[in-house]
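Coordinate analysis (summary)
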Amino acid sequence: RPVERAVPAVLGSLPADLENPDRLDLARWIVGPDNPLTARVIVNRFWQQLFGRGLVESVEDFGYQSAWPSHPELLDHLSIEFRDGGWDVRALLRRIMNSATYRESARIRPDVSEADPGNELLAHFPRQRLEAEQIRDQAL
């Protein structure tokens, strides 16, 4: 039996006005305003690279069974700006790195550590170790 051209059902449904959706329609839907998931996943991965932990802690499992975002409004705001800004990675990274949260000291204050031992409120910049590849890149 021949396989007909269609979008896999597991990926959701495309707009009903498309008669024979193809890969280009799927690509437009993935990055379109009706699908916020793509921008959220990208923003969360960049956040994890910079802070050592994503806004959604389960970076590899971003769906119904994943952890809830620690800061959902921030994730939505950054995602919408990223998508509406033309998927500009440089602008996204500049926005995050110029934030007061990114510029926090890594020094742990005792008064804050008692109230937020897991640093979910990002009162201090999380200490993190560089991976071997990052150390090599820095040395080069």
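Just above sits the structure.
This write-up is about the structure you can find in this document. (Residues numbered from 1 in each chain as written. Predicted model: local features only at pLDDT ≥ 70, side-chain atom pairs only at ≥ 80, totals over all residues. Heavy atoms only, no water.)

Focus: the nonpolar core
Operational definition: Here, nonpolar core means buried Ala, Val, Leu, Ile, Met, Phe, Trp, Tyr and Cys residues that are tied together by side-chain atoms lying within 4.5 Å of each other. Think of it in three bands: with a 1.4 Å probe and only protein chains considered, a residue is buried below 20% of the maximum accessible area for its type, exposed above 50%, and partly exposed in between. In this description a helix means any DSSP run of H or I spanning at least four residues, a strand means any run of E spanning at least two, and both kinds are numbered starting from the N terminus. Contacts are assigned to residue pairs with any non-hydrogen atoms lying within 4.5 Å of each other.
In this structure, Val 43, Trp 47, Phe 51, Leu 75, Leu 78, Leu 92 and Ile 96 are the most contacted members of the largest nonpolar core, which totals 16 residues. For this core, the elements supplying multiple residues, two or more each, are helix H2 (37-51), helix H3 (72-84) and helix H4 (89-97). With six residues, H2 is the single largest residue contributor to this core. Discounting chain neighbours no more than four positions away, the residues touching Leu 78 are Val 43, Trp 47, Leu 92, Arg 95 and Ile 96.

Overview of unusual backbone geometry
Even without being glycine, Trp 87 reaches a positive phi, approximately 60°. Checked against the element boundaries, Trp 87 lands in the loop between H3 and H4.

Let's talk about the packing of H3 against H4
Threshold: Interaxial angles span 0 to 180 degrees and are taken between N-to-C directions of axes, which are lines fitted to C-alpha atoms, for helices over the stretch in contact. Each helix crossing is assigned a hand: it is left-handed if the near helix lies turned anticlockwise from the far helix by less than a right angle, otherwise right-handed if that turn is clockwise. Gly falls in the polar group here, along with every residue not listed as nonpolar (Ala, Val, Leu, Ile, Met, Phe, Trp, Tyr, Cys, Pro) or charged (Asp, Glu, Lys, Arg).
For the pair H3 and H4, interaxial distance at closest approach is 9 Å and the crossing angle is 150°. In this structure, H3 crosses over H4, and the sense of that crossing is right-handed. Touching His 77, Leu 78, Glu 81 and Phe 82 of H3 are Val 89, Leu 92, Arg 95 and Ile 96, all from H4. Counted by class, the contact of H3 with H4 contains five nonpolar, one polar and two charged residues.

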